[in-house]
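Listed here are the chains, written in short residue letters.
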Amino acid sequence: MAMAPALPDLQDPCVAAWSCEGARERSSGRVALRTARPRILLTTEGTYPYVMGGVSSWCNLLVNSLDEFDWQVLPIVAPDGRPRTFELPDHAEEVGRIEVWSEELPKGRRGRVGERRSGVALPSILVRNLIGWEGDADAVVAAWVWCRRHPAGVRRAFRSGEGWASFLAGLRDVLAERVPEAGTPPALDLVEAATLYQTLYWVARTAAVPTPQTDVLHVTAAGWAAIPAVVHRALHQTPMVLTEHGVYVREAYLAAARNGDSAGSRFAATRLARGLARTAYAAADVVSPVTDANAYWEMGLDIDPGKILVLYNGLQSPSEPTPPPRTQTVVSVGRLDPLKDAHTMLRVAAETVGHMPGAQFLHYGPVPRGEEVYGRSCVALHERLGLRDRFLFMGPTGDPNAVVRNSDVVLMTSISEGLPMAILEAMGQARPVVSTGVGGVPEVVRGCGVVCPPGDDHGLSRAVVMLLRNPDLAWRLGMRGHRRLGRLFNESACIDGYRDLLGTLTGNPSTPPAAALGLTA
């Protein structure tokens, strides 16, 4: 692959001009006037309010419960035209949506000649600092600010020969990096390089989308959802909260390891996830993981521990549970994608049915957009294992509590989680859990279920068989989980934690958020 000559370093006039523009706006005092009711801009990525799932349920709980705030929801979605899954309450509104891979042309003025020339460096800046191992988060933010100010210039930059040449020069330098802990980058062929170029174009397009005046930015993932919020914070100094349910970088690594793509494609995907996450972490005033396990991962990714405030997920204080049906029914709830590892779930079912022919497995959850191939692989494995009606794909459910209530055991086989709502829902119905020990699961399930390593279909099956054969023990474990949920992982504690956090950020704009919350050492 031919490479263009190297661009100037990151202190070239283009980068300096972008940085100065941002500084001028920050020093100009153009900060939104506060309304009587504080506004929260909630940015989401492929979830709320269009897709059912644990993160969406958490968003819906937060938006509906914290009605003292006006919620502005800005979702990043695929342009598939699907309707909303969740209805927004009166104190919330969708303030547009960002359709990644949309064919709609970006809006904006043509721009002066000097502005168009400055945009030529944009692809180089992004590939060097998002894909490079030691990328400069400040340079990324400065580039994104330029995109916000020159939205029409983004397309011109990426559709120009000079932009492509600058990208190739930057990519050549990234592939020449030799960092011991990062390994040796693989060679990228022309198709892989062009795919990365197109992806970076969409990163820039996402940065260019305007955001409304608001008082607090609340980001729900350290990836694409952070991009518009990071730009808004750079322009207006608006406090930014980042909640991580699953660790974005870890999940990108796991997905890349399992999806069978080429080495070049895996490299591009994981490096981009790392670059986006590092930029989001650097910009956030408070990072609020939903579990201690996530916090340790985040500290390992160089987040200042003083920024971290763990806020557990929670459910409503559980009512008195009903006894299990004792029908040897095992229920699982979650989308069918590689991170949920439905293949292991199917193998667990096959081994369990071999010991207990009357056992029945019911899985509730959709096949997400983009995972149709994985969904078909689950159906094919189901056929090869001869499970027939012993394992049924039930599709999405709007009432997870009801389906869990009709089970004897709840099974989860994920290879990555934060603090999964499916586990909390099982505890709320006093059903014992058999789960892989990922994310915050071990700290939640302690004493009320069985935890096995990811991919251990034999260990998971043995646990399921043991509980199905000992229903009295299963009921006792379920009741322990029910009490534990009410004591530690209840909805009121979750809501109060976010009420205090967001209330502090909206009520003390001149105080550094971490200091105001007592997070600093």
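Everything that follows concerns the structure shown earlier in this document.
Everything numeric in this text was worked out from a predicted model, so none of it was measured.

About the criteria used
Residues numbered from 1 in each chain as written. Predicted model: local features only at pLDDT ≥ 70, side-chain atom pairs only at ≥ 80, totals over all residues. Heavy atoms only, no water. Helix = DSSP H or I, 4+ residues; strand = E, 2+ residues; numbered from the N terminus. Buried < 20%, exposed > 50% of the residue type's maximum accessible area, 1.4 Å probe, protein only. Contact = heavy atoms within 4.5 Å. Areas by Shrake-Rupley, 256 points an atom, 1.4 Å probe, with all protein chains shown as cover. Pairing = 2+ DSSP bridges. Right-handed = clockwise from strand over helix to strand, strands pointing away. Phe/Tyr/Trp six-rings, centres within 6.5 Å; stacked < 30°, edge-to-face > 60°. Lys NZ or Arg CZ within 6 Å of the ring centre and 35° of its normal. Axes fitted to C-alpha atoms, helices over the stretch in contact; angles between N-to-C directions. Parallel < 35°, antiparallel > 145°, perpendicular 65-115°, else oblique. Left-handed = near helix turned anticlockwise from the far one by under 90°. Nonpolar A, V, L, I, M, F, W, Y, C, P; charged D, E, K, R; others polar. Core = buried A, V, L, I, M, F, W, Y, C linked by side-chain atoms within 4.5 Å.

Secondary structure summary: the protein chain contains 21 helices and 13 strands in total. Taken over 521 residues, the protein chain has a buried fraction of 55%. Across the protein chain, contacts joining residues at least 24 apart in sequence account for 76% of those joining residues at least 6 apart. Approximately 21300 Å² of the protein chain is accessible, and the part contributed by carbon and sulfur atoms is 53%.

Looking now at the environment of L66. You can see L66 is positioned in the loop between α2 (54–65) and β2 (70–77). The buried category is assigned to L66, whose relative accessible area is 0%. Sequence separation of L66 and R499 is 433 residues, and the distance between their C-alpha atoms is 6.9 Å. Every residue in contact with L66, bar those within four places of it in the chain, is listed here: W71, H91, I495, Y498, R499 and L502.

Time to look at unusual backbone geometry. Residue P49 is reached from Y48 by a cis peptide bond, and omega for that bond is 0°. You will see that R388, though not glycine, has its phi angle at about 45°, which is positive. When you line up the elements, R388 lands in the loop between α14 (372–384) and β10 (391–395).

What follows covers the pairing of strand β9 (residues 360–364). With respect to burial, β9 is a largely interior element, five of its five residues being buried. Pairing of strand β8 (residues 329–333) with β9, which is carried by five bridges, proceeds in the parallel orientation. If you follow S332 over to β9, its bridge partner there is H363. Once you follow β8 into helix α13 (residues 342–355) and on to β9, the crossover reads as right-handed. Taken together, the four bridges between β9 and β10 define a ladder with parallel strand orientation. Among the inter-strand pairings, F361 is bridged to a residue of β10, identified as F391. With α14 bridging β9 and its parallel neighbour β10, the resulting β-α-β unit is right-handed.

For the rest of this paragraph, the subject is the packing of aromatic side chains. On inspection of all chains with the given rule, the structure shows 13 aromatic pairs. Aromatic pair F69 and W71: ring centres 6.4 Å apart, planes at 90°, arrangement edge-to-face. Residue F69 shares its accessibility class with W71, and that shared class is buried. Plain terms: the ring middles of Y312 and F489 are 5.2 Å apart, the flat faces sit at 75° to each other, and that makes the pair edge-to-face. Of this pair, Y312 sits in the loop between α12 (292–300) and β8 while F489 sits in the loop between α19 (471–488) and α20 (491–507); the two residues are 177 residues apart in sequence, bridging distant segments of the chain. The partly exposed category is assigned to Y312, whose relative accessible area is 29%. Each member of the aromatic cluster is reached from another via a ring pair, and the members are W101, F158, W164, F167, Y197, Y201 and W202. The ring of Y201 has R159 sitting right over it, with the charged end atom 4.5 Å from the ring centre. When the ring centre of W133 is taken as origin, the NZ or CZ atom of R274, which lies over that ring, is 3.5 Å away.

For any two helices packed against each other, one specifies the inter-axial angle together with the distance between the axes. Viewed as axis vectors pointing N to C, helix α8 (residues 190–208) and helix α11 (residues 263–283) meet at an angle of 20°, and their least axial separation amounts to 9 Å. Relative to α11, the element α8 is oriented roughly parallel. As α8 packs across α11, the resulting crossing turns out to be right-handed. Residues E192, L196, T199, L200 and V203 of α8 lie in contact with α11, whose contacting residues are G264, S265, A268 and L272. Considering only residue class, the contact of α8 with α11 consists of five nonpolar, three polar and one charged.

Among the seven residues in strand β1 (residues 39–45), six count as buried, and that is most of the element. Where β1 and β2 come together, seven bridges link them in parallel fashion. Bridge assignment links E45 to a residue of β2, and that residue is I76. Since β1 and β2 lie parallel, the crossover through α2 that links them has a hand, and here it is right-handed.

Turning our eyes to something else, we now look at helix α6 (residues 151–158). Among the eight residues of α6, six are classified as buried, and the element is accordingly described as predominantly covered. Lining the buried residues of α6 we find α4 (122–131), α5 (137–149), α7 (161–175) and α8.

Turning our attention to the nonpolar core. With 71 residues, the main nonpolar core has L122 and W144 as its most contacted residues. It is α8 that contributes the most residues to this core, 10 residues altogether. Residues contacting W144, with those up to four places away along its chain left out, are L126, L130, V203, A207, I227, V230, V231, L276 and T279. In this structure, V353, M356, A359 and L411 belong to the second largest nonpolar core, which totals 28 residues.

Attention shifts here to the sheet that holds β10. Taking strand neighbours across the sheet as the criterion, the six strands line up as β10-β9-β8-β11-β12-β13 in an open arrangement whose pairing is parallel. Edge positions in the open sheet fall to β10 and β13 (449–452), since each of these has one partner strand only. Averaged over all adjacent pairs, the angle separating strand axes in this sheet is 20°, with direction ignored.

Bringing the environment of G334 into the picture now. Of note, G334 is situated in the loop between β8 and α13. Residues G334 and G395, spaced 61 residues apart in sequence, show a C-alpha to C-alpha distance of 9.7 Å. Setting aside chain neighbours within four positions, we find G334 in contact with H363, Y364, G365 and P366.

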